[in-house]
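Structural characterization, general
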Amino acid sequence: MAAPSMGGVSLPRGNGQTVRLPRGASLTDLAEKIGAQPAALVTALFHLGEMVTATQSVNDETLQLLGAEIDWDIQVVSPEDEDRELLETFDLTFGDEGDEEDWEARPPVVTVMGHVDHGKTKLLDALRHTNVVSREAGGITQHIGAYQIVTELEHNERPITFIDTPGHESFTAMRARGAKVTDIVVLVVAADDGVMPQTVEALNHAQAADVPIVVAVNKIDKEGANPAKIRQQLTEYGLVAEEYGGDTMFVDVSATTRQGLDELLTAILLTADASLDLRANTEQDPQGVVIEGKLDKGRGPVATVLVQRGTLRQGDSIVAGDAYGRVRSLLDEHGNKLKEALPARPVQVVGLTSVPRAGDTFLVVEEDRVARQIADRRQARIRNAQNASMRKRISLEDLDAALKENRQLNLIIKGDNSGTVEALEEALMKIEVSDDISLRVIHRGVGGITKSDIDLALADDVIVLGFNVRAEGQATELANREGVDVRYYSVIYQAIEEIEAALKGMLKPEYEEVALGSAEVREVFRVPRIGNVAGSIVRSGTITRNSKARLVRDGVVVADNLTVESLRRFKDDVTEVREGYECGIGLGSFNDIKVEDVIETFEMREKPRA
Ligand code: GDP
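Residues numbered from 1 in each chain as written. Predicted model: local features only at pLDDT ≥ 70, side-chain atom pairs only at ≥ 80, totals over all residues. Heavy atoms only, no water.

On to the overall build of the chain. Counting its regular elements, the chain contains 15 helices and 34 strands. Residues counted as buried form 48% of the 610 residues belonging to the chain. As displayed, the chain has an accessible area near 30500 Å², and 45% of this comes from carbon and sulfur atoms. (Helix = DSSP H or I, 4+ residues; strand = E, 2+ residues; numbered from the N terminus. Buried < 20%, exposed > 50% of the residue type's maximum accessible area, 1.4 Å probe, protein only. Areas by Shrake-Rupley, 256 points an atom, 1.4 Å probe, with all protein chains shown as cover.)

As C-alpha cells, then:
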C-alpha cells in the first residue's frame, strides 16, 4: 500500500516496527524517532479527529491511535520504566539484593491516618514520649518528618518508625510515585465522633495499598465516647475487631491522658509479626525514600530519608531524585549525629546539592561521578518534559489560533519547604478570573531560584515566584538580562493578590458597539468596475468612511460585517457626511442594495473593566 498522503506530506509507514516513547511525549518527539515531519503527524491526527499541536504532550491512547494509522507499534514507556533503564545503564537496580535467608529483621514503618481533628498529631506527639530508651543528651526533639521509638515486647526492645508528615496526601503522593514506605496504618477514629469521610478515605488508601490496619479509638477520656460504636461502624468497611471474631486489632486510647499507648504499640508489633515478615538486607548498597525535603538557612538542602535497605553512612555518595551529593552528616530526630542508619531508620541527610522531593527514591553509588550523572540525566528528563509541554510554537496556523483562544499564565513556584510550596500552589489554583484564562504551574520545588528555573521561564508569560527564597547570583543576572518576571513573597495572600491581578491583566479586552450613524437609501446607482452605490440621505449621526456597517431592510438585518468603502458627496471623495446631507455609499463587493434599505454604521470600542 502506498504511503498515506496527508496534505501533500507523506508519512513513513512503520510496517509494524516498534518505536519507544516516554509517557507524555509530543508529536515532535515521535516525528524525530520515525523520521517524519511533525506537521504531517499533526495533520494525520487532525484527520483522525484529534486536534493537537506538534509540541503538546499527547496521551497514550492518542499515540496508539496514530500508531495504528501509520502502522508503527508505539510503546509508551512510563517514567518508572525509564528511570529503571537509566539505572541499568549504570548497572544499578532499586530493590533488594541477595538471599532473603541472610536478611535481618527490621522495624515496622507506621503511618497514622484518620479524619481531621480526630487526634493524629496529638497521638504522634504522645507516642514520641513513650520511648523506653532514654535519649542520649541531644538537642531538642525536632520535627524531621519521621521518628523512631523503642518499645518493649516480651522483654525485647523493639523499635517502631512513625512517619510524622500530616495528612493523607503524603501517603498517596508517595504511593502514586511508586514508593511503598508504610508497613502498617494506624487508623485514628475519635470515640466521641465516629467514622467520618476521611476515616473512610484513609481506610480505602490503606486497603488499596494492601497495608494492614490497626485502629486507634482515640479520645476515650471524653464524655460521650463510645468505643463500641466505632467497632460497630467499622465492620461495615470490612474491619472487624478481634474480640468480634475478626482479625483487626482495635485499641482504645487517649492521646491526652496517654492511656492505652503501650497497648497500641503492642498491637502494632503483633500485627506486624502476624501478617508481615519485615526483613532487609543490611549489607547491600543503601537505598530508600525521601520523606521530606527543605532548605535550611545554615546547612543548605536537608532531606529526611527513610533507609529501606543497606546501611547508610557518613561519606556515602548519594543520589536522591535529581539531587546528589556526599553525605556530610546524618542526624536523628533529636539532632544527634549518627555514624550509620539501618533499615527503617529515618535520618536527616546533610550534604545534597539541591532539595529532593518527598517520595523520591535515593541510592548510594560507588562514586560521586555516578551520582552526579544520574542526577543530571534525571534533571534533563524533567526539563525536557517541562519544555515539551511549554513550547508554544505550532506548525499549523489554524491550530495556533485555536490555542491562542485559551490563554494561560505559567508559573514556577520555589519555596523554603514543600509544605508552603504545596499550600501556595493550591491557593493559586483556586483563583478564577475567566474561563479562557488558566493558570498552570509548570515547575515547583524547594530551594532558591536557580539558573535552570530561569532557563525554564524563558518563554512567554512565565512568572517565577520565590516564597521565602531568593534567586541565586547567576539566576538574578540571567533573569534581569532576559526580562524574566521574578517576584518574592513571604505572605501567601500577597502572592494570590498579585497573581490575580496579573491574570486580570491578561483578560482579552471586551468591546461594545457604539452606533455612529444611519442613512436611508434613496436610489441605487450602478457604477462600472465598482458595483452598486447607495444614493442615501444621512438620517442620524455621521456616516464615516471605513467604518463598520450593516444593512437593514424592513427592520431585518440583511447583511452584517460590511464596511463603508467609498463615500462621496457629488463627485468628491469625502471622509464623513453628517445628518441631513445626501451622499453615495459604496459597500465594497456587497451589491444587494435596495431603495429604502437603511445603512447603519458603528464602531467597536473597548469597554473599561470593572
Ligand atoms: P488531627 O487533625 O487529627 O491531627 O487532630 P489533633 O491532634 O490536632 O487533635 C484535634 C483536637 O483534639 C485537639 O484539640 C486535641 O487537643 C484534641 N485531642 C486529641 N486527642 C485527644 C484525646 O485523646 N482526648 C481529648 N480529650 N482530646 C484530644
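Note on placement: E333 falls in the loop between β17 (323–331) and β18 (337–338). A distance of 2.8 Å separates a polar side-chain atom of E333 from the backbone nitrogen of Q148. Looking at E333, its side chain comes within polar contact range of the side chain of R345, at 3.2 Å. (Polar contact = N/O pair within 3.5 Å; in protein donor to acceptor, adjacent residues only side chain to side chain.)

With that settled, the discussion passes to the layout of surface pockets. Looking at the second largest pocket, its volume works out to about 740 Å³. What lines the second largest pocket is a set of 33 residues, among which P107, Q148, V150, P159 and R345 lie closest to the centre. Classifying every residue of the lining of the second largest pocket by side-chain character gives 14 nonpolar, 6 polar and 13 charged. Built from parts of two domains, the lining of the second largest pocket gets at least three residues from each of domain 2 (107–277) and domain 3 (281–384). (1 Å grid on protein atoms, 1.4 Å probe; cavity = no way out; pocket = protein on both sides within 12 Å on 5 of 7 lines; lining within 4 Å. Points joined across faces, edges and corners; volume = space filled by probe spheres on them. Nonpolar A, V, L, I, M, F, W, Y, C, P; charged D, E, K, R; others polar. Domains from an automatic or database assignment.)

So, about the nonpolar core. Formed by 28 residues in total, the largest nonpolar core has its most connected members in L123, L127, I160, F162, V186, L264 and I268. Among the elements that make up this core, the one with the highest residue count is helix α9 (residues 261–275) (7 residues). What I160 contacts, discounting residues up to four positions off in sequence, is P107, P108, V110, Y147, Q148, I149, T151, L265, I268 and L269. Among the nonpolar cores identified, the runner-up in size contains 23 residues, and V42, V52, L66 and I70 belong to it. (Core = buried A, V, L, I, M, F, W, Y, C linked by side-chain atoms within 4.5 Å. Contact = heavy atoms within 4.5 Å.)

On to the confidence of the model for the chain, then. Across the chain, the average pLDDT comes to 85, with 89% of residues at or above 70. Segment residues 1–8: pLDDT under 50, and 14 contacts once partners within four positions in sequence are set aside and those in other chains are kept. The low-confidence segment residues 389–403 (pLDDT under 50) makes 27 contacts with residues lying over four places distant or belonging to another chain. (pLDDT = per-residue confidence, 0-100.)

Moving on, we come to the site of the ligand. For the ligand, the set of nearby residues contains 15 residues, the closest of which are D117, K120, T121, D221 and A255. Contacts to the ligand include K120, whose backbone N or O atom sits 2.8 Å from an oxygen atom. A distance of 2.5 Å is found between an oxygen atom of the ligand and a side-chain nitrogen or oxygen belonging to T121. In isolation the ligand exposes 580 Å². Once the protein is present, 73% of that is buried. Grouping the constituent residues of the shell around the ligand by class yields 2 nonpolar, 7 polar and 6 charged. (Near = heavy atom within 4 Å.)

Okay, the packing of helix α5 (residues 120–128) against α9 next. The contact between α5 and α9 brings their axes to 10 Å, and the two run at 90 degrees. Taken together, the axes of α5 and α9 are roughly perpendicular relative to one another. In this structure, α5 uses L123, A126 and L127 to contact α9, whose residues at the interface are L261, L264 and L265. For the contact of α5 with α9, a count of residues per class yields 6 nonpolar, no polar and no charged. (Axes fitted to C-alpha atoms, helices over the stretch in contact; angles between N-to-C directions. Parallel < 35°, antiparallel > 145°, perpendicular 65-115°, else oblique.)

The grouping of D99, E100, E101, D102, E104 and E283 at the surface amounts to a negative patch. Residue position: E104 is located in strand β5 (residues 104–105). Classification of E104 as partly exposed rests on a relative accessible area of 43%. (Patch = residues over 30% accessible without salt bridge, like charges linked within 9 Å, V, L, I, M, F, W, Y side chains within 5 Å. Salt bridge = Lys/Arg side-chain N within 4 Å of Asp/Glu carboxyl O. Lys, Arg positive; Asp, Glu negative; His and termini not counted. Charge placed at Lys NZ, Arg CZ, Asp CG, Glu CD.)

For the rest of this paragraph, the subject is the environment of V484. Secondary-structure assignment places V484 in the loop between α14 (473–482) and β25 (485–489). Spatially, the C-alpha atoms of V484 and I454 are 7.2 Å apart, while their sequence positions differ by 30 residues. If we skip the residues at most four places from it in the chain, V484 touches I454, A457, L458, V464 and A479.

Further remarks concern the pattern of salt bridges. Taken as a whole, this structure holds 33 salt bridges when the rule is applied. The residue K594 makes a salt bridge to D592 at a minimum N-O spacing of 3.8 Å. On the basis of relative accessible area, K594 is assigned to the partly exposed category, the value being 44%. The residue R605 makes a salt bridge to E603 at a minimum N-O spacing of 2.7 Å. We classify E603 as partly exposed; its relative accessible area is 30%. Via salt bridges that share partners, E513, R550, D560 and E600 belong to a single interconnected network.

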